Amino acid sequence: MIRRGHSLKRRLMLWMAGLTLIFGTALLLEATLSANREADRVYDGVLDDAILTIAEALQWQDGRPLIAMPAAALQILATPHEERVFYALLGARGEIITANASLPITARLQKKVAQQPVYRDIDWQGTSLRLAGREFTSAGWETREPVQIWVAHTRGARNALAHDLVARAAMRFILMVGLAIMLVWLAVRASLRPLTRLRHRLRQRHSEDFSPISARVPVELSELVNTLDQLLARQRESHDRLMRFIADASHQLKTPLAGLQNISELALRSRDHEQWHEALKDIHAGASRSTRLAHQLLQMARLDHDETSLATRLDLTALARERLTDWAQRPASAMHDLGLEVPDHPVWVQATDWQLGELINNLLDNALRYTPPGSVITLGVEETDSGHELFVEDNGPGVPPALRDSLAQPFVRGDRHDTSGSGLGLAVATSIARSHQAQLSITTPDSGGLRVALLFSHERHQRNP
Amino acid sequence: MKYLIAVLALLVLNLGSTARVSAAESHLTIEAALDFNVAEPLIRAFEAAHPDIKVSYHDSSTLAVDRRARDGSPPADVYISSAMPWQVALANQGRAARLDLPEARQWPEWAKWRNEVFGFTFEPVVIAYRLDLARHTLPPQTHRELLQALQIPQLQGRVTTYDPESSGVGYSLFQQDARYSPRFWDLVAAMGARGVTPEATSRAMLEGLSEGRYWLGYNLLGSYAIAWARNHPEVIVQVPTDYSLVLLRTALVARNAPHPRAARLFMAFLLGPKGQHVLAGQTPLFSPLDGVVGPWTAARLRDQVGDHLYPIPLDASLLAFVDPLRREAFMRRWTREITILDRTDDPRPSPSNTADQRTARPETPWPRRPTTPVHSSRETQP
């Protein structure tokens, strides 16, 4: 009945693994990019320092730039990582003032550096270099010409720094993932503990125990527990009803059976044919009452467990007419005035015809039993604002309002024990009403007596005529 | 893992070479600015350790070594030179191979650059004088005393030092001196006033001292001078007590070395304990390694002369010295300073009054004399 699903823990771990993989890849990519940027930022500063140091040593003499290449500049440029270092000083017309390598400085780069400092990654003689250039306008006594200072070094230190940064980022990420997995594992275990507790509590429960589950659970589970509690409450109600029903039914069956036993014992002691005949008549009446009782009990059981009968579209007036005709021919109604009150056009509802027929039978039977002879009993169909109403009305003694609500319960006979009856009729009617989602109402009409009505409200029944 | 692969590769190489005694790998060409008779114990020891490798050793001047490393005609495997700036420049241009050897990795950081250039000696730069000098003045122990000693007229024409024009080592040493103190130029002016004779090599200076032509020599390589003074009692060697430069003779393996395996084996030998032991025991080159035992070690030198030894840093700052414009500026200043006192005997020169004096001076900075070659067959080393 319950499909065995995935393990929550395994599913969480799979999600974690997937997320880790995706985020890890993204993070490593980002880390690589930003580490390279960071390394370039740091070491471009070194290039700047070297350029400034060289610029500091630049002087003009006799109309030409002179420079004692500062050792410090080259030392700075080499960095503690011992990079290979290159430099070139270019004059105003791009001529080399001094250089230790023929760096690939194009005319375009020379033009660009006149506006702003330039940084470039270049490939030179199979080595990848970082090149930086800056232009200085220095003043001499004779000339004022710009000088471009270009420096470059290999990328060893940058790569080492970037590699280091990436490695550290990866290490941090791995640590974080490890911690997260641990924490999630603990959290899952802690969160699932209430479920385990709940399971234990349910397992230990007695089968007759319908009391609410009083377990402390997290908010997310409280709904489940509430639902379980409601289910239990309903089960208790139904269980109670069933037990009461069984008790009442056995009591009801016991009475006529005991009567039969008495009569038959008395008859057995007698030798008189006349008395035997009387006894047989009594036995017959008792047996038929028992049969009827059993029939009604069966109906109740059938109604409660009937899930196969299909509602069809039927005409209430036709049904009422047919039932009334049937009852009018029975001897039981000989002493009463049975009447029919239906509109002269069909009134359609969705209903199960045998159930409605039984309902009418029960109501008419009740009316015949609990009203004195000569009473007027009316079976009718009425179209009201709220829906179609099927009713049985009599002008008998009626039922005090205080007892009316309990009439629908089985074996309650409205304080009337003078007539023969099981007290099941209205209970059956209530069941039928419920299965049709119709409303059963018991009222006292203006003329006195009792009126039992079944209302098929428009909202539910006229939507699909 | 990497190490294991390297070891395996070496094993395979070794097996391969022993199997067919490869003709290509059995040679090693060394181009060195280092006298063969000084380097000979090293070379012999290497050949003894690797009998399958035949070493051809060619010694020449620092500038010739640099030229061959650039032209590569014909290419050598290992280049050895005392001109540190030129060696670093070679590496900077990508002409040196990076050595991934355990010996290279363990080599002290201050004595290597990029694992491509290795300073494998520790040679102090010294003052040398003849005993004659001591008769006339207090022998100089510091640069200041040297400046004072230059005042005595008996030294006229009897002072010698490196020629920065023709000697890469000399030029580097002067540049380094100028970096440490601006009073270096006073010294240059004073030497110029005494009619200093520039020489291309330490050996030429030492020979002049022994012959009596010179009484005082400045900035000689201690390795040669100390060894020379042992056999020539008339020459006294003084390691300056204020500061003494220390020169690291450097070796590098060419990137285009025809015999890379032999070159690597040689470097491993040179930088390893065996080579350094030979260096410390049988050559006057001083081993920079701690823990090497022998008469010629940096540690022993420090014990003898104190703590004021300043090794020329083997790093990118040396590249400034080979910048043509800087070299030109330096040479111009050198020329100016060395002749600044020609007309006067004023011992207190001032660089500010150079302009008018320069105009009145002759073009030739100092009288040049031909240097006599030491070996007929070889060029001499610095």
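The numbers attached to residues start from 1 for each chain and follow its sequence in the written order. Each chain is given a letter, starting from A, and each ligand a number, starting from 1, according to the order in which they appear as written. At least 70 in pLDDT is required for a residue's local features to be given in this predicted model, at least 80 for side-chain atom pairs to be given and counted, and no such filter applies to totals for whole chains, interfaces and linings, which use all residues. The side-chain figures draw on all heavy atoms in the structure; neither hydrogens nor water molecules are used.

- Chain B appears in an unreviewed UniProt entry as Iron(III) transport system substrate-binding protein from Kushneria sinocarnis.

- Going by the annotation in an unreviewed UniProt entry, the name recorded for chain A is histidine kinase, with Kushneria sinocarnis given as the source organism.
- UniProt positions are given in the numbering used here, feature names are shortened, and annotations may be inferred rather than shown by experiment. The record held by UniProt for chain A lists under Catalytic activity (unreviewed entry) the comment "ATP + protein L-histidine = ADP + protein N-phospho-L-histidine."

**Topic: the sheet that holds strand E13 (residues 439-443) of chain A**
All names here are of chain A.
Then comes step 1: In this description, strands pair whenever DSSP reports at least two bridges between them. Helix and strand definitions here come from DSSP, where helices need a minimum of 4 consecutive H or I residues and strands a minimum of 2 consecutive E residues; each element is numbered from the N-terminal end. With mixed pairing, five strands are arranged side by side in an open sheet as E9-E11-E12-E14-E13. Two strands in the sheet have a free side with no partner beyond their single neighbour: strand E9 (337-341) and E13. Strand-to-strand, the axes of this sheet are offset by a mean angle of 15°, without reference to chain direction.
Then comes step 2: Pairing geometry for strand E11 (residues 376-383) and strand E12 (residues 387-394), over seven bridges, is antiparallel. Paired with Val381 across the two strands is Leu390, which belongs to E12.
Then comes step 3: Packed on one face of the sheet, helix H7 (residues 316-328) meets E9, E11, E12 and strand E14 (450-457) and runs near 165° to E9.
Then comes step 4: It only takes one pair of heavy atoms within 4.5 Å for two residues to be counted as in contact. To get an axis, a line is fitted to the C-alpha atoms, and for a helix only the part in contact is used. The angle between two axes follows their N-to-C directions and goes from 0 to 180 degrees. Along the sheet, helix H10 (residues 425-435) makes contact with E13 and E14, crossing E13 at roughly 145°.

**Quick word on the nonpolar core**
Then comes step 1: Ranked by size, the top nonpolar core spans 141 residues in total, and within it Leu28, Ile30, Phe266 and Met267 of chain B carry the most contacts.
Then comes step 2: In terms of residue count, the dominant contributor to this core is helix H12 (residues 260-271) of chain B (eight residues).
Then comes step 3: By nonpolar core we mean a set of buried residues, namely Ala, Val, Leu, Ile, Met, Phe, Trp, Tyr and Cys, connected to one another through side-chain atoms within 4.5 Å. Remark: exposure states derive from per-residue accessible area (1.4 Å probe, protein chains only) relative to the maximum for the residue type, with buried under 20%, exposed over 50%, and partly exposed in between. Counting 43 residues, the second largest nonpolar core, distinct from the first, contains Leu303, Leu359, Leu379 and Leu426 of chain A.

**Some remarks on the UniProt feature "transmembrane region" (unreviewed entry) in chain A**
Then comes step 1: Here, UniProt's "transmembrane region" (unreviewed entry) annotation points to residues 173-192 of chain A.
Then comes step 2: The span residues 173-192 of chain A carries 100% helix and 0% strand; its end-to-end C-alpha distance comes to 28 Å.

**Some details on a positive patch on the surface**
Residues and elements named next belong to chain A.
Then comes step 1: A cluster of basic side chains, namely Arg189, Arg193, Arg197, Arg201 and Arg216, defines a positive patch on the protein surface.
Then comes step 2: Looking at the element boundaries, Arg201 is found in helix H4 (residues 156-204).
Then comes step 3: A relative accessible area of 38% means that Arg201 is categorised as partly exposed. Candidate patch residues must exceed 30% relative accessible area and have no salt bridge, after which like charges are joined if within 9 Å and Val, Leu, Ile, Met, Phe, Trp or Tyr side chains if within 5 Å. Computed with the Shrake-Rupley method and a 1.4 Å probe, the accessible areas treat only the protein chains shown as cover for residues. A pair is scored as a salt bridge if a Lys or Arg side-chain nitrogen falls within 4 Å of a carboxyl oxygen belonging to Asp or Glu. Counting rule applied: Lys, Arg positive; Asp, Glu negative; His and chain ends not counted. Taken as the charge location is NZ of Lys, CZ of Arg, CG of Asp or CD of Glu.

**What about the interface of chain B and chain A?**
Then comes step 1: Across the contact, 19 residues belong to chain B and 22 residues belong to chain A.
Then comes step 2: Buried area between chain B and chain A, summed over both chains or domains, comes out near 1700 Å², and the portion from carbon and sulfur atoms is 47%.
Then comes step 3: Looking only at chain B, the three residues that lose the most surface to chain A are Asn92, Arg114 and Leu325 of chain B, adding up to 34% of its buried area.
Then comes step 4: Put simply, chain B and chain A have zero salt bridges between them.
Then comes step 5: Identification of polar contacts relies on pairs of N or O atoms within 3.5 Å, with a donor-acceptor requirement for protein atoms, meaning one able to donate a hydrogen and the other able to accept it, and with residues adjacent in sequence counted only if both atoms are side-chain atoms. Viewed at the interface, chain A and chain B are joined by nine residue pairs in polar contact (both at pLDDT 80 or more).
Then comes step 6: At the level of elements, helix H4 (84-92), strand E4 (112-113) and helix H15 (324-338) of chain B are the ones that each hand at least two residues to the side of chain B that touches chain A.
Then comes step 7: Sort the elements by how many residues they give to the side of chain B that touches chain A and H15 of chain B lands first, with five residues. Using a 1.4 Å probe, buried area is obtained as the accessible area two parts lose upon being combined, added over both of them.

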